[in-house]
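This is what each chain is made of:
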Amino acid sequence: LTQDQLKREVAKKALEYVPDNAIIGVGTGSTVNLFIEELATIKGRVKGAVSSSNASTERLKAHGIPVYDLNTVDELPVYIDGADEINHYLHMLKGGGGALTREKIVAAAADQYICIADEKKYVEMLGEFPLPIEVVPMARSFVARALVRLGGHPELREGFVTDNGNIILDVHGLKIAKPVELEETLNQIAGVVTNGLFAKRRADVLLLGRQNGVDVLK
Ligand code: DER
């Protein structure tokens, strides 16, 4: 199976975690795009979605799925999203798509985070993929210096502005043996809006696309 076929398999499997007539949280990325397509096949029993990015909002609307403002919803039963990396404790490294701030907000508002990923994303240790960090533009250099002191090699994501008007630093060379600790450390740096470690609030279920089928890991 190609990587795309693996993504399609987990996108289909995720439908089993969509409660009837609920408003669900929806993430961002190519795997989620396939999930939105699959969701449209059961739109009759989906009340709507809270989106984590302008990109996903457009796709949801294009597939006839009502999009709700998070402020009008008190809680979400599930949040369906991908990850760039996920370890064996279900800690995730996210932000490859640049939507990490709203992803982290909607994930926090959901009871269950269902991660949909192909097997390439499943790693022993997070950090091979450069860690995205959303930063207020005027703090770029200050935050970059702090990241160098932590042993990282930050690179500006050229020409990219987030939905919130901020920039992203992609941090190479971090060996993330303690994701929760590093997430808390990064949260303390003034100017950091969101870092791509989803470890304090990790996935509750991982649907992992493998050649011999979808593994359900908790
Ligand atoms: O940006 C994100 O966090 C996305 O979830 C991303 O990590 C997954 O994108 P993909 O499904 O295109 O690999």
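Residues numbered from 1 in each chain as written. Predicted model: local features only at pLDDT ≥ 70, side-chain atom pairs only at ≥ 80, totals over all residues. Heavy atoms only, no water.

The protein chain is annotated in an unreviewed UniProt entry as Ribose-5-phosphate isomerase A from Paludibacterium purpuratum. As stated in UniProt under Pathway (unreviewed entry), the record for the protein chain gives "Carbohydrate degradation; pentose phosphate pathway; D-ribose 5-phosphate from D-ribulose 5-phosphate (non-oxidative stage): step 1/1." As recorded by UniProt, the Function (unreviewed entry) comment attached to the protein chain reads in full: "Catalyzes the reversible conversion of ribose-5-phosphate to ribulose 5-phosphate." (UniProt positions renumbered as here; feature names shortened; annotations may be inferred.)

(A) Here's a closer look at the packing of helix H1 (residues 3-13) against helix H2 (residues 30-40). The contact between H1 and H2 brings their axes to 8 Å, and the two run at 50 degrees. Classified by the angle their axes make, H1 and H2 are oblique. The handedness of the crossing between H1 and H2 is right-handed. Touching Asp4, Lys7, Arg8, Val10, Ala11 and Lys12 of H1 are Ser30, Thr31, Leu34, Phe35, Glu37 and Glu38, all from H2. (Axes fitted to C-alpha atoms, helices over the stretch in contact; angles between N-to-C directions. Helix = DSSP H or I, 4+ residues; strand = E, 2+ residues; numbered from the N terminus. Parallel < 35°, antiparallel > 145°, perpendicular 65-115°, else oblique. Left-handed = near helix turned anticlockwise from the far one by under 90°. Contact = heavy atoms within 4.5 Å.)

(B) Representation of the UniProt feature "active site" (unreviewed entry) in the protein chain. Mapped onto the present numbering, the UniProt feature "active site" (unreviewed entry) falls at Glu103. With sequence-adjacent residues up to four places away left out, glutamate 103 is seen in contact with Gly27, Thr28, Ser52, Tyr79, Asp81, Lys94, Gly95 and Phe198. A polar contact of 3.5 Å, which involves the side chain of glutamate 103, links it to the backbone nitrogen of threonine 28. (Polar contact = N/O pair within 3.5 Å; in protein donor to acceptor, adjacent residues only side chain to side chain.)

(C) Summary view of the pattern of salt bridges. Summed over the entire model, instances satisfying the criterion amount to 12 salt bridges. Of the charged contacts, one joins aspartate 170 and arginine 157 as a salt bridge, the two residues approaching to 2.8 Å between their closest N and O atoms. Of the two residues, aspartate 170 sits in strand S10 (residues 167-172) while arginine 157 sits in the loop between strand S9 (153-156) and S10, which places them 13 residues apart along the sequence. Each member of the pair, aspartate 170 together with arginine 157, is buried. What emerges from the salt-bridge pattern is a single network uniting Arg8, Glu37 and Glu38. (Salt bridge = Lys/Arg side-chain N within 4 Å of Asp/Glu carboxyl O. Buried < 20%, exposed > 50% of the residue type's maximum accessible area, 1.4 Å probe, protein only.)

(D) Fine view of H2. Taking burial as the measure, the 11 residues of H2 include 9 buried ones, the bulk of the element. When H2 is considered as a whole, its buried residues turn out to be Thr31, Val32, Asn33, Leu34, Phe35, Ile36, Glu38, Leu39 and Ala40. Turning to H2, the residues buried within the fold contact H1, strand S1 (22-26), strand S2 (46-51), helix H3 (54-62), strand S4 (76-81) and strand S7 (110-118).

(E) Focus on the sheet that holds strand S8 (residues 131-135). With antiparallel pairing, the 4 strands of this open sheet are ordered in space as S9-S10-S8-S11. With one partner strand each, in any of the chains shown, S9 and strand S11 (192-195) form the two edges of the open sheet. In this sheet, adjacent strand axes meet at a mean angle of 30 degrees when their direction is disregarded. Contacts from helix H4 (residues 100-108) reach S8, S10 and S11 within the one sheet, and its direction differs from that of S11 by about 70 degrees. Packed onto the sheet, helix H5 (residues 140-149) meets S8, S9, S10 and S11 and runs at close to 15 degrees relative to S10. (Pairing = 2+ DSSP bridges.)

(F) Examining the packing of H2 against H3 more closely. In the contact formed by H2 and H3, the axes pass within 10 Å of each other and the chain directions differ by 20 degrees. As judged from the angle between their axes, H2 and H3 are roughly parallel. For the pair H2 and H3, the sense of crossing is right-handed. Where H2 approaches H3, its residues Val32, Asn33, Ile36 and Leu39 are matched on the opposing element by Ser56, Arg59 and Leu60. By residue class, the composition of the contact of H2 with H3 is 4 nonpolar, 2 polar and 1 charged. (Nonpolar A, V, L, I, M, F, W, Y, C, P; charged D, E, K, R; others polar.)

(G) Representation of the sheet that holds strand S5 (residues 85-86). Here 3 strands make up an open sheet; going across it, the order is S5-S6-S12 and the pairing antiparallel. Of all strands in the sheet, those with a lone pairing partner are S5 and strand S12 (197-198), marking the two edges. Alignment of strand S6 (residues 92-93) against S12, held across 2 bridges, turns out to be antiparallel. Paired with leucine 93 across the strands is leucine 197, a residue of S12.

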